[in-house]
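# Descriptive structure summary
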Amino acid sequence: MSNLQPVRGTRDILPEEMRRHRVVVDAARAVAARYGYHEMVTPVFEFTEVFKRTLGETSDVVTKEMYTFSISDGEQVTLRPEATAGVARALISGGLSQSLPLKVFYTGPMFRHERPQKGRYRQFHQIDVELLGVAEPQADVEIIALGADILSTLGLGEHTTLELNTLGDPESRKAYRAALVDYFSDHRDRLSADSQDRLVRNPLRILDSKDKGDRALIADAPLFGEYLNQQSKDFFAKVLEGLDLLGIRYTLNDRLVRGLDYYTHTAFEFTTTALGAQGTVLAGGRYDGLVETMGGPSVPGIGWAAGVERLALLLAEAPQAPRPIAVVPVGDAAQPAAMKLTQDLRHAGFVVELGYSGNLKKRMQRANKMNARAALLLGEEELAAGSATLRDLDSGKQELVSLDSLAERLSHLS
Ligand code: ATP
Ligand code: MG
């Protein structure tokens, strides 16, 4: 059976890596809760239209990366490539716009058909936060602070840089777009084929191009800052003020864009140099036009998404599994008592492994192999005395402990 391989771009996450994922997701969830964000999930697949409208017909994700299939005549669905679209759809279809602001924490697998490489997969995981219904720059500050807080909780504060830009309000953006079209049209023949296409459909995305020739042209392209109106400048100044107040460091990057028309004002990315071409670990921005674009009410929003695999790769070391207590029955007669003791200790909150079979030596070897902290030996003598022999597997010392005081005694093991 040649097909007993995971599908290209998908992978098994074995326990050691899963512990890394858990550290990332648990930290993010806990920090987000302190900021008042509540967890929700939407379905893994949605009508294709949901993503086409939110991500835009011309985005890379929509044109190249979506997994789409038909569920019935004329009805196409797509595996979610990101979380924001589903949340915005839920806001509209679930009438959640009655109870704004909506503050959401979200985590789960996402699906994109792209070329697999380290830190880039076809099924991957994101954590994601969205804040809907707040137009003030405080929201931008809060959502960025939340991202920074999660990264520093994970010990990644020093390993990541916050890059920041503003795309201004729709008026500024329109003026800038026109200037870009003028500039790139003058150099059209030097643009890559992809960017020539973007020039017609979505010129701002040219700034995002990874093509070398494009990058050379981009270096001399007009700057967003020159096209910002006063309102947009004021808004951005307030965001920066807030970040300064909270001591959050950033680097301004006037080439940082989000390609779609409903993106406004703040755009940001936390990047690292430790992951090669997959350097962006957390990215987001303000998307005030999105809900309306989808056919809902006009609700401002801002959010970000971070790649769990990339963050997990950055963690210094894999967290250890907790060390178990090994219960070791000596002789068949002790079997039932061992099973009962195991269960009682699990109920008391300990991680307990019961040796399933084999002689004493085998079972002790297994206890050592699973890195058990201690073994509890139950033989005839112990049974008669209502006790167990506690062997500390680090020091090798052993003592007889009555079953009644066992939980108390075990709680003192470090
Ligand atoms: P990139 O430029 O790396 O393709 P993107 O702009 O497509 O990223 P977003 O849509 O902003 O990424 O997603 C947010 C985060 O999700 C990224 O910063 C990254 O950490 C993670 N991510 C995106 N695509 C993948 C993928 N295919 N595999 C693993 N992680 C991913
Ligand atoms: Mg991508």
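Being a predicted model, the structure only gives us computed values, none of them experimental.

Parameters at a glance
- Residues numbered from 1 in each chain as written.
- Chains lettered and ligands numbered in written order.
- Predicted model: local features only at pLDDT ≥ 70, side-chain atom pairs only at ≥ 80, totals over all residues.
- Heavy atoms only, no water.
- Axes fitted to C-alpha atoms, helices over the stretch in contact; angles between N-to-C directions.
- Helix = DSSP H or I, 4+ residues; strand = E, 2+ residues; numbered from the N terminus.
- Parallel < 35°, antiparallel > 145°, perpendicular 65-115°, else oblique.
- Left-handed = near helix turned anticlockwise from the far one by under 90°.
- Contact = heavy atoms within 4.5 Å.
- Nonpolar A, V, L, I, M, F, W, Y, C, P; charged D, E, K, R; others polar.
- Buried < 20%, exposed > 50% of the residue type's maximum accessible area, 1.4 Å probe, protein only.
- Pairing = 2+ DSSP bridges.
- Expected span 1.5 Å × (residues − 1).
- Arc of directions from axis to C-beta.
- Near = heavy atom within 4 Å.
- Polar contact = N/O pair within 3.5 Å; in protein donor to acceptor, adjacent residues only side chain to side chain.
- Areas by Shrake-Rupley, 256 points an atom, 1.4 Å probe, with all protein chains shown as cover.
- Core = buried A, V, L, I, M, F, W, Y, C linked by side-chain atoms within 4.5 Å.
- 1 Å grid on protein atoms, 1.4 Å probe; cavity = no way out; pocket = protein on both sides within 12 Å on 5 of 7 lines; lining within 4 Å.
- Points joined across faces, edges and corners; volume = space filled by probe spheres on them.
- Patch = residues over 30% accessible without salt bridge, like charges linked within 9 Å, V, L, I, M, F, W, Y side chains within 5 Å.
- Salt bridge = Lys/Arg side-chain N within 4 Å of Asp/Glu carboxyl O.

The N-to-C vectors of helix H5 (residues 137-153) and helix H9 (residues 230-245) enclose an angle of 40°; their axes lie 8 Å apart at closest approach. By the angle between their axes, H5 is oblique relative to H9. Read as a crossing pair, H5 and H9 show a hand that is right-handed. Seen from H5, the contacting residues are Pro 137, Asp 140, Val 141 and Ile 144; seen from H9, they are Phe 235, Lys 238, Val 239, Gly 242 and Leu 243. A per-class count over the contact of H5 with H9 returns six nonpolar, one polar and two charged.

Strand E7 (residues 161-166) sits mainly inside the fold: five of its six residues count as buried. With six bridges joining them, E7 and strand E9 (residues 264-271) adopt antiparallel strand pairing. Directly across from Leu 164, in E9, lies its bridge partner Phe 268. Relative to strand E8 (residues 251-252), E7 runs parallel, the two sharing two bridges. Note on E8: the bridge partner recorded for Leu 164 is Leu 252.

Note that an α-helix has 3.6 residues per turn; residues three or four places apart therefore point the same way. Counting buried positions along helix H4 (residues 84-93) gives seven out of ten residues, so the element sits mostly inside the fold. Residues of H4 that are buried: Thr 84, Ala 85, Gly 86, Val 87, Ala 88, Ala 90 and Leu 91.

Here helix H12 (residues 335-347) spans 19 Å end to end across 13 residues, near enough to the 18 Å set by a 1.5 Å rise per residue. Those residues of H12 that fall on the buried side of the exposure criterion are Ala 338, Leu 341, Thr 342 and Leu 345. Looking straight down H12, one finds that the buried residues subtend no more than 105° of arc, so they occupy a single side. Turned more than 90 degrees away from the buried face of H12, the exposed residues are Pro 336, Met 339, Lys 340 and His 347.

Our next topic: the site of ligand 1. Taken together, 16 residues form the shell around ligand 1, and within it Arg 112, Glu 114, Arg 120, Tyr 121 and Thr 280 come nearest. Here Lys 210 contributes a side-chain N or O atom positioned 3.5 Å from an oxygen atom of ligand 1. Val 281 places a polar main-chain atom, nitrogen or oxygen, 3.3 Å from an oxygen atom of ligand 1. Out of a free accessible area of 590 Å², ligand 1 has 83% covered by protein chains. Going through the elements one at a time, strand E6 (123-132), strand E10 (280-286) and strand E11 (301-307) are the ones with two or more residues in the shell around ligand 1.

For the rest of this paragraph, the subject is the nonpolar core. One finds Leu 132, Leu 180, Phe 184, Leu 207, Leu 290 and Val 291 to be the most contacted residues of the largest nonpolar core, which totals 45 residues. Listed by contribution, the elements that provide at least two residues to this core are helix H2 (48-55), helix H3 (60-65), H4, strand E5 (102-111), E6, helix H6 (170-186), helix H8 (212-219) and helix H10 (290-293). Per element, the largest residue contribution to this core is five residues, and it comes from H4. If near-sequence neighbours (up to four positions away) are discounted, Leu 132 is found in contact with Val 87, Leu 91, Leu 100, Pro 101, Leu 102, Tyr 287, Val 291, Val 299, Pro 300 and Gly 301. If you look at the next biggest cluster of nonpolar residues, it comprises 44 residues, including Val 141, Ile 143, Leu 151 and Leu 154.

Next up on the list: the sheet that holds E10. Each strand in a sheet pairs with another by means of backbone hydrogen bonds, the pair being arranged parallel or else antiparallel. Overall, mixed pairing links the eight strands, which are arranged E1-E5-E6-E11-E10-E9-E7-E8 in an open sheet. If you trace the sheet from one side to the other, it starts and ends with strand E1 (38-39) and E8, each paired once. Alignment of E9 against E10, held across six bridges, turns out to be antiparallel. The residue of E10 that forms the bridge with Phe 268 is Gly 284. Its contacts with the sheet place H9 against E7, E8, E9 and E10, and it is angled at close to 160° to E7.

What follows is about the layout of surface pockets. Roughly 360 Å³ of internal volume is contained in the second largest pocket. Along the walls of the second largest pocket sit 17 residues, with Gly 157, Thr 160, Ile 248, Arg 249 and Phe 270 positioned nearest its centre. When residues of the lining of the second largest pocket are traced back to their parent elements, those giving at least two are H5 and E7. Per-element accounting of the lining of the second largest pocket gives the leading share, five residues, to H5. Classifying every residue of the lining of the second largest pocket by side-chain character gives eight nonpolar, six polar and three charged.

Let us now look at the packing of helix H1 (residues 15-34) against H5. In contact at an axis separation of 9 Å, H1 and H5 are set at 135° when each is read in the N-to-C sense. Here H1 lies oblique to H5, going by the angle between them. When you trace H1 past H5, the crossing you get is right-handed. Taking contact as the criterion, the partners of Ala 27, Ala 28, Val 31 and Ala 32 in H1 are, on H5, Leu 146, Asp 149, Ile 150 and Thr 153. Here the contact of H1 with H5 is built from residues that sort into six nonpolar, one polar and one charged.

We now examine a nonpolar patch on the surface. Residues Val 44, Phe 45, Phe 47, Phe 69 and Ile 71 make up a contiguous nonpolar surface patch of roughly 440 Å² in combined accessible area. Listing elements by their share of the nonpolar patch, those giving two or more residues are strand E2 (45-47) and strand E3 (68-72). Mapped onto the elements, Val 44 comes out in the loop between E1 and E2. Accessibility expressed as a relative area gives 33% for Val 44, which makes it partly exposed.

Shape descriptors only; they carry no functional weight alone.
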